[in-house]
Amino acid sequence: MSAWSVKFRRFWPRTGFIANSRGGQLDISMLLAVVTLLVVGTLLVFSTTLKPGIVAAGGDPYFNLKRHLIFMGIGIGAFVVVLNISDSVLNAIAHSLLLISIILLGAIYLVPNLGVTGGNSTRWLALGPFTFQPSELAKLGFVLYLAKSLAHNQAVVHRFVYGLGPALVAFGLLTVLLLRQPDVGSVMVLGILMILMFLVAGTGRWNLWAILVGGAIGFLIMVVAWPAKFQRVFTPLYLDQVSHGEGYQLTHAITSLVLGGTFGQGLGQGAHHSLGFLPASHNDFIMAVAGEELGLFGVACLMILYAVILIRGVATARLVQGLFAKYAVFGLTMLLVLPAIVHLGVNLGLLPTKGLVCPFMSYGGTAQVVNLVTFGLIQRFHIEATAEDAQVAFAAQPPKTVEPSTDEGGRIAAAWRSA
Amino acid sequence: MMGVREKFRRLRRWIAGSNSQTEAEILHRMVGVTVLTLLTLVFFVIKFGALQKNEIEARATQHAHATKRAKTIVGRRGDIYDRTGNKILATTSLEPAVVLRGVPAYFDRKSAAYQLAVPLDMDPERLQKSFQTTSENILIKERLTEQEVSAVEKLGISGISIEHHYHRFYPLENLLGSVLGYLSVVTSEEVAPVIEVLDLNSEPELAKWIPLVDSLRAITGYDATPKKVTRKYQPDSYLARKGIELSYDDVLRGRSKRLGQVSDSRGRLFPLGSAEDVLLTAGDSILLSVDVDIQMVLDEQIEAHVKAQDARGGMGVILDAKTGDILAMSSYPFLDPNNFKAACGATSGQVDDGSNACRNKVVEFPFEPGSIAKMITAMIGFDVGAFEPGTRLPGVGSPCFVGRNRVRDTHGLKKGEEYTVSSAFRHSSNCAFAELGSRIGGKRFLEGLIRLGVGAKTGIDLPGERIGRAITSRTRMTEIDAKAAGYGYGYYTSIINMALLTAAVTMDGVKPKPQLVIGKRSHDSDNLEIIPRPKPQRVISKRAARQVKQLMVDAIMWEPEKGRAYHPARPKLYSAAGKTGTARINLGGNYTQKAYNTSFVGFAPAEEPEIVVALTLIDPQKNKLAAQAVGPVFRAVVDRVLPIRGIEAVELEEAHAQR
């Protein structure tokens, strides 16, 4: 625990309500960053729905805000619940979670009247007055599965089939189900995340090249096979020609971002988005709204908050014990930060426009809940890593040298190496 | 000093902590990936800053183009009242209209046109064509019914909205229509932008572009000279077209104000101004000198007699004989300003043969006056002393020659009788008045006509006054011209001018200047501001005026021989004076065969004149003589108007009959 943490320990939230916390602490920096993002996000979501057109038409300008707050409340509840789930339980349910996600993704198409279509995509399951987006759960499930798989196959991680094969198969399965929706954004995030996890795991460079080339070929095949579905991927390249068609959203997102200037037009003062020129401003283009209302300075501050989440996540990964925990914390952190970066890239026209919400800031039911669950899991890992007995063990443990693997994969690897 | 390498090594050791070697390696790679991610983040933020710097102007322009709208708010137009201040001749009501303000981002012109065409009963292709215009405001249809409003609202087409526009309404319909005029929407020509080529040499700042502009023109043929484009009117503006509406447009028109609006992506508009601004821009109201009750009498009589005589048209004007105020002004066929298109749509620009309802014939139909001009000859002659009422005219009789033209009188003298000026006037002898014209002489006759303002514009506050050939353009008048002018040929005048000259007779030689508007009421107060009458001008001596007045009384009030009828123009209830006139119609320089204008100018009562009346029936088919054609109109008008003016009636005809 750092000196800073010790000095301000008395101000930290008590963790007595958390089961088996053993004196562990919440990561206060990450918590503050997330709370700030949630507050700013809520204000921006409110701003996007406070449109003169809605007011003039007699609509409820608070409709989205109310739903956003409801889901945030559910998310916070879920956050508190997952704080009580130890990493060993998580390790045990990682496979099951992915399996459930895959089943739910399949149920969208297989169970009649269950899938809900919106904006040319069938991504949701109907649950009474609410809808549930299984792809968000699938992301969480995939990260935990990836962490478990890599931890299990650490010794053979440089072998394409044995080390990376299971994760690639899971990714392939998810890709098929997600592209069917279609949800290219989620596939993109999961793909990048998987490659980063492989990189962190220390797989060979040829494996990475193989995955990249294979992914590129697969992408080209899909572009040729379904040009209509992938047309928007290339929109940023010829935005001027399609500013009234495919590029309409992006054109106006850039306009919103640019109009904010250095310090923005003020919260609730973003004229361009509030006059309805930016469709899906409350979810896919919330950063454009932030740019218009808070300016370059505001967006930079928000990005600093995501950087804080990333840095604190990696710091937690350093503290936690075991490969699964390290991969899981890193993966979960990237699951929060990566979409934010991609989201900003999309809003700036640097990445293809694919519906991807910004964690903690965008309006979104399932995504908001899953993001808070993800954040809760990271915090649980932090609690366990900072528990008094864990601290003692961590400090007492001498630096280790080579740690031969005892599992089957490790034995095969050792045999292969010695051969 | 610790080297960078040593610092890096320490960092690696700190990262590794007490983790195993594998875990430490994983952590090192995690930190690498984190740094990479953070660098991406920083790159995106820098890129964002660069984007702002490079595109701020272009994007701000794009935003302004998409959202900024301006609507010209024109305040409520002022009302028009009659001289009593109670009877409204023209007013303004708020009516729903369907408009397209700015073309929204996703506006499907064809779909919108076909959807709107059904409930609005319009041609979808014409509608679609109108949507192609680059204009930011398109007025689709006005004065919608409740059903049309609800149908359009139900369609909910982006950009199409219902607005409430001021609509000019004339509650008395065709009463005074030609005097009031009308308003109509600007035409596509009027709304077209005015392109003004800027002179590059005029400004030192612009001069530097001359070589570039010249090069472009030489290489590509494209003229790149900067142009200033201005638009005088908005496409849904209303312009006053005729009558009082046009001549007093500055007073009546509500002050216009550009009201800023913002449009959302669906074309819905949100005003940036307040309602008070709109109220402040209302126009002023005006009062006309016209009395609606008298006007109704005049209209009724002219319409009835035009129909009875099967004439092409008719016109008449009634003045206050003491002040010259215009009490009524009628032009038949009547114009209904509520439906001006029917009258003014196709006939504009054609030669008016008297049947054009769009023209106010009282001021826009100059004609050769014929025998009513004998009043003018007498006025000039008495004024210059060329003759007196009792002056004998020996040897003058019908037929006679004016140049090579053979002239004859309709009412000849008995054998052995000799004309005097007075009897020649009563008998309306052309030969006698040709002689009198000769006695006045060309020079004095021309000077007299100019002094009387014959063949010149009266200066009435109505647009489009026409005078035919201006008398002032003539430098000389020959003896033959003077003879012809003596009985009313060779020059043109309008019926309003003849009425004013008759008023000069009743006003002892002072000719009033006509003015229809006598008062103004500001939009923000009830106080009436009286507009002073223009100063009248003496045109003949008092003595000459009284002599002419007596001639005119004798012409109407003569006692018939036993068993014969009175003059057809002689009122039943009042004494009167006047002069009839039948003149051949000259259209486009040629006299039309057997086509005549039958006119009458007169006043009543004879002793103390109250009203002056001037009337013309154009080409009556039943009776070609003015006394029979238009005389009864005068008679009926006098008998009905003088009671309205509070003049007690005397049963003249019965009294004479008993005697």
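Our subject is the structure listed above.
The structure reproduced in this document is the subject of the present report. (Residues numbered from 1 in each chain as written. Chains lettered and ligands numbered in written order. Predicted model: local features only at pLDDT ≥ 70, side-chain atom pairs only at ≥ 80, totals over all residues. Heavy atoms only, no water.)

**Things to note about the overall build of chain A**
Note the cut-off: We count a stretch as a helix when DSSP gives it H or I for four or more residues in a row; a strand needs E for two or more, and each element gets its number in order from the N terminus. Think of it in three bands: residues with accessible area under 20% of the maximum for their type are buried, residues over 50% are exposed, and the middle band is partly exposed, with areas taken using a 1.4 Å probe on protein chains only. Between two residues, a contact is recorded if the distance between any of their heavy atoms is within 4.5 Å. Values of accessible area rely on a 1.4 Å probe in the Shrake-Rupley scheme; residue burial ignores everything except the protein chains shown.
Secondary structure summary: chain A contains 17 helices and three strands in total. Per-residue burial over chain A gives 56% buried out of 419 residues. Summarising the internal contacts of chain A: among those between residues at least 6 apart in sequence, 72% fall at separations of at least 24. Of the roughly 17000 Å² that chain A leaves accessible, carbon and sulfur atoms contribute 69%.

**Quick word on the overall build of chain B**
A count of helices and strands for chain B gives 25 helices and 25 strands. Counting over 659 residues, chain B shows a buried share of 52%. Here the contacts in chain B between residues at least 6 apart in sequence split such that 75% fall between residues at least 24 apart. When the accessible surface of chain B is totalled, it reaches about 31200 Å², and 52% of it is carbon and sulfur.

**Overview of the interface of chain B and chain A**
Filter applied, for reference: The term buried area refers to how much accessible surface (probe radius 1.4 Å) is lost by two components on association, counted for both of them together. Whenever a carboxyl oxygen of Asp or Glu lies within 4 Å of a side-chain nitrogen of Lys or Arg, that contact is scored as a salt bridge. Definition of a polar contact: a pair of N or O atoms within 3.5 Å, with one able to donate and the other able to accept a hydrogen when the atoms are protein atoms, and with sequence-neighbouring residues admitted only if both atoms are side-chain atoms. Gly is placed with the polar residues, together with every amino acid not listed as nonpolar (Ala, Val, Leu, Ile, Met, Phe, Trp, Tyr, Cys and Pro) or charged (Asp, Glu, Lys and Arg).
On the chain A side, the residues contacting the 44 residues of chain B number 60 residues. For the pair chain B and chain A, the two sides together bury roughly 4600 Å², of which 74% comes from carbon and sulfur. The interface formed by chain B and chain A holds zero salt bridges in total. Linking chain B with chain A are nine residue pairs in polar contact (both at pLDDT 80 or more). Elements with a contribution of two residues or more to the side of chain B that touches chain A: helix 1 (4-16), helix 2 (21-67) and strand 10 (256-263) of chain B. Looking at the side of chain B that touches chain A element by element, the count peaks at 30 residues for helix 2 of chain B. Partitioning the side of chain B that touches chain A into residue classes produces 21 nonpolar, 16 polar and seven charged.

**With respect to the pairing of strand 2 (residues 121-127) of chain A**
All names here are of chain A. Short version of the rule: For two strands to count as paired, DSSP must find a minimum of two bridges between them.
Strand direction decides the pairing type here: strand 1 (residues 115-118) and strand 2, joined by four bridges, are antiparallel. Residue pairing in the sheet places Val116 in a bridge with Trp124 of strand 2. Pairing of strand 2 with strand 3 (residues 130-132) involves three bridges; the strand directions are antiparallel. Within strand 3, the residue paired with Ala126 across the bridge is Thr131. In textbook terms, the turn of a hairpin is the stretch between consecutive antiparallel strands, and for strand 2 and strand 3 this stretch comprises two residues, one of which, Gly128, has a positive phi near 65°.

**Let's talk about unusual backbone geometry**
Residue and element names in this part refer to chain B. The omega torsion across Tyr332 and Pro333 is 5°, close enough to zero to call that bond cis. Residue placement: Pro333 occurs in the loop between strand 14 (326-332) and helix 14 (340-344). For the peptide bond that leads from Ala604 to Pro605, omega is -15°, which places it in the cis range. Mapping Pro605 onto the fold places it in the loop between strand 24 (590-604) and strand 25 (611-618).

**Considering the sheet that holds strand 25 of chain B**
Residue and element names in this part refer to chain B. Put simply, the rule reads: Axis definition: a line fitted to C-alpha atoms, limited for helices to the stretch in contact. Angles are taken between N-to-C directions and run from 0 to 180 degrees.
Sheet architecture is open: five strands sit in the order 14-13-25-24-23, paired in antiparallel fashion. The sheet is open, and its two borders are formed by strand 14 and strand 23 (577-587), each paired with just one other strand. Strand-to-strand twist in this sheet, taken as the mean axis angle between neighbours without regard to direction, amounts to 10°. As defined by bridge partners, strand 13 (residues 313-320) adjoins strand 25 across eight bridges and the pair is classed as antiparallel.

**Concerning the nonpolar core**
The condition that has to hold: As used in this record, nonpolar core signifies buried Ala, Val, Leu, Ile, Met, Phe, Trp, Tyr and Cys residues forming a set joined through side-chain atoms within 4.5 Å. Boundaries between domains were set according to an automatic or database domain assignment.
With 138 residues, the main nonpolar core has Ile244, Ile318, Met375 and Ile376 of chain B as its most contacted residues. Two domains share this core, each providing at least three of its residues, namely domain 1 (71-193 + 231-288) and domain 2 (292-336 + 361-522 + 533-644) of chain B. Filtering out sequence-adjacent residues up to four positions away, Met375 of chain B remains in contact with Phe425, Met498, Leu501, Thr502, Val505, Val548, Met552 and Val601 of chain B. With 132 residues, the next largest nonpolar core counts Leu37, Leu344, Leu356 and Ile383 of chain A among its residues.

**Digging into empty space enclosed by the protein**
Residue and element names in this part refer to chain A. This is how it is decided: Points on a 1 Å grid, built from protein atoms alone, make a cavity when a 1.4 Å probe fits but cannot get out and make a pocket when they are open with protein on both sides within 12 Å along at least 5 of 7 lines; residues with an atom within 4 Å of a point are the lining residues. Grid points are joined across faces, edges and corners, and a volume is the space filled by probe spheres set on the points.
Counting across every chain of the model gives three cavities of 30 Å³ or more. Put simply, the largest cavity is a space of about 80 Å³. Around the largest cavity sit Glu136, Lys139, Leu335, Pro339, Val357, Pro359, Val370, Asn371 and Thr374, which together line it. Elements with a contribution of two residues or more to the lining of the largest cavity: helix 6 (134-152), helix 14 (323-347) and helix 15 (365-385). The element contributing the most residues to the lining of the largest cavity is helix 15, with three residues. When grouped by side-chain class, the residues that make up the lining of the largest cavity number five nonpolar, two polar and two charged.

**Some remarks on the packing of aromatic side chains**
Filter applied, for reference: Pairing of aromatic rings covers Phe, Tyr and the six-membered ring of Trp, with a centre-to-centre limit of 6.5 Å; geometry is then stacked below 30 degrees between planes, edge-to-face above 60, and tilted otherwise. The criterion is that NZ of a Lys, or CZ of an Arg, lies within 6 Å of the ring centre and within 35 degrees of the ring normal, and then a charge sits over that ring.
Under the counting rule described, the total for this entry stands at 12 aromatic pairs over all chains. Aromatic side chains Phe46 of chain A and Tyr62 of chain A sit 5.3 Å apart centroid to centroid with 20° between the ring planes, which places their arrangement in the stacked category. Taken together, the positions of Phe46 of chain A in helix 2 (residues 28-49) and Tyr62 of chain A in the loop between helix 3 (52-56) and helix 4 (63-83) put the pair 16 residues apart, joining distant regions of the chain. Since its relative accessible area comes to 23%, Phe46 of chain A is described here as partly exposed. Pairwise contacts between aromatic rings join Phe79, Phe360 and Phe375 of chain A into one cluster. Over the ring of Tyr109 of chain A we find Arg180 of chain A; its NZ or CZ atom is 4.5 Å from the centre of that ring. Its end group placed over the ring of Tyr81 of chain B, Arg521 of chain B keeps NZ or CZ at 5.3 Å from the ring centre.

**Examining the environment of Ala386 of chain B**
All names here are of chain B. In this fold, Ala386 is placed in the loop between helix 16 (374-384) and strand 15 (392-393). Each C-alpha atom of the pair Ala386 and Leu436 lies 8.0 Å from the other, and the pair is 50 residues apart in sequence. Excluding anything up to four places from it in sequence, Ala386 contacts Gly381, Arg439, Ile440 and Arg444.

**Looking at the state of the cysteines**
All names here are of chain B. Rules: Two cysteine sulfur atoms make up a disulfide if the distance between them is within 2.5 Å.
If you walk through the whole model with that rule in mind, you get two disulfides over all chains. Residue pairing for Cys344: its cysteine sulfur links by disulfide to Cys358, the two sulfurs lying 2.0 Å apart. The disulfide joining Cys344 to Cys358 has a torsion of about 110° about its S-S bond and is therefore right-handed. Here Cys358 lies in the loop between helix 14 and helix 15 (361-364) and Cys344 lies in helix 14, a separation of 14 residues in the sequence. Classification of Cys358 by relative accessible area gives buried; the value is 9%.

**Description of a nonpolar patch on the surface**
The cut-off we apply is this: Only residues whose relative accessible area exceeds 30% and that form no salt bridge are eligible for patches; like-charged ones are grouped when within 9 Å, while nonpolar side chains (Val, Leu, Ile, Met, Phe, Trp, Tyr) are grouped when within 5 Å.
Taken together, Trp206, Trp209, Leu212, Val213, Ile217 and Ile221 of chain A make up a surface patch of nonpolar side chains, about 700 Å² in accessible area. Structurally, the position occupied by Trp209 of chain A is in helix 9 (residues 205-225).

**Describing the sheet that holds strand 2 of chain A**
All names here are of chain A. Spatially, three strands are ordered 1-2-3 in an open sheet, and the strand pairing comes out antiparallel. The sheet is open, and its two borders are formed by strand 1 and strand 3, each paired with just one other strand. In this sheet, neighbouring strand axes are inclined to one another by 50° on average, regardless of whether the strands run parallel or antiparallel.

**Side note on the pairing of strand 20 (residues 517-521) of chain B**
Residue and element names in this part refer to chain B. Pairing geometry for strand 12 (residues 285-288) and strand 20, over four bridges, is antiparallel. Bridging across to strand 20, Ile286 finds its partner in Lys520. Where strand 20 folds back onto strand 21 (residues 528-530) in an antiparallel hairpin, the turn is made up of six residues.

**Comments concerning helix 13 (residues 286-319) of chain A**
Which entries qualify depends on this criterion: Expected span of a helix, by definition, is 1.5 Å for each gap between consecutive residues, and there is one gap fewer than residues. Two axes enter the bend calculation: one fitted to the seven residues ending at the residue in question, the other to the seven starting there, and the bend is the angle between them.
Taking 1.5 Å per residue, 34 residues should reach 50 Å; helix 13 of chain A reaches only 34 Å between its end C-alpha atoms and comes up short. Of all the bends in helix 13 of chain A, the greatest measures close to 120° and is centred on Leu294 of chain A.

**A closer look at the packing of helix 3 (residues 109-120) of chain B against helix 4 (residues 124-131) of chain B**
All names here are of chain B. Here is the rule we go by: Roughly parallel refers to an angle under 35 degrees, roughly antiparallel to one over 145, roughly perpendicular to one between 65 and 115, and oblique to any angle outside these ranges. Rotating anticlockwise by less than a right angle from the far helix to the near helix defines a left-handed crossing, while the corresponding clockwise rotation defines a right-handed one.
For the pair helix 3 and helix 4, interaxial distance at closest approach is 8 Å and the crossing angle is 135°. Between helix 3 and helix 4, the interaxial angle falls into the category oblique. Helix-helix and strand crossings are classified by hand; for helix 3 and helix 4 the assignment is right-handed. On helix 4, the residues touching Arg109, Lys110, Ala112, Ala113, Tyr114, Leu116 and Ala117 of helix 3 are Pro124, Glu125, Leu127, Gln128 and Phe131. Classifying every residue of the contact of helix 3 with helix 4 gives eight nonpolar, one polar and three charged.

What is shown is where atoms sit, not what they do.
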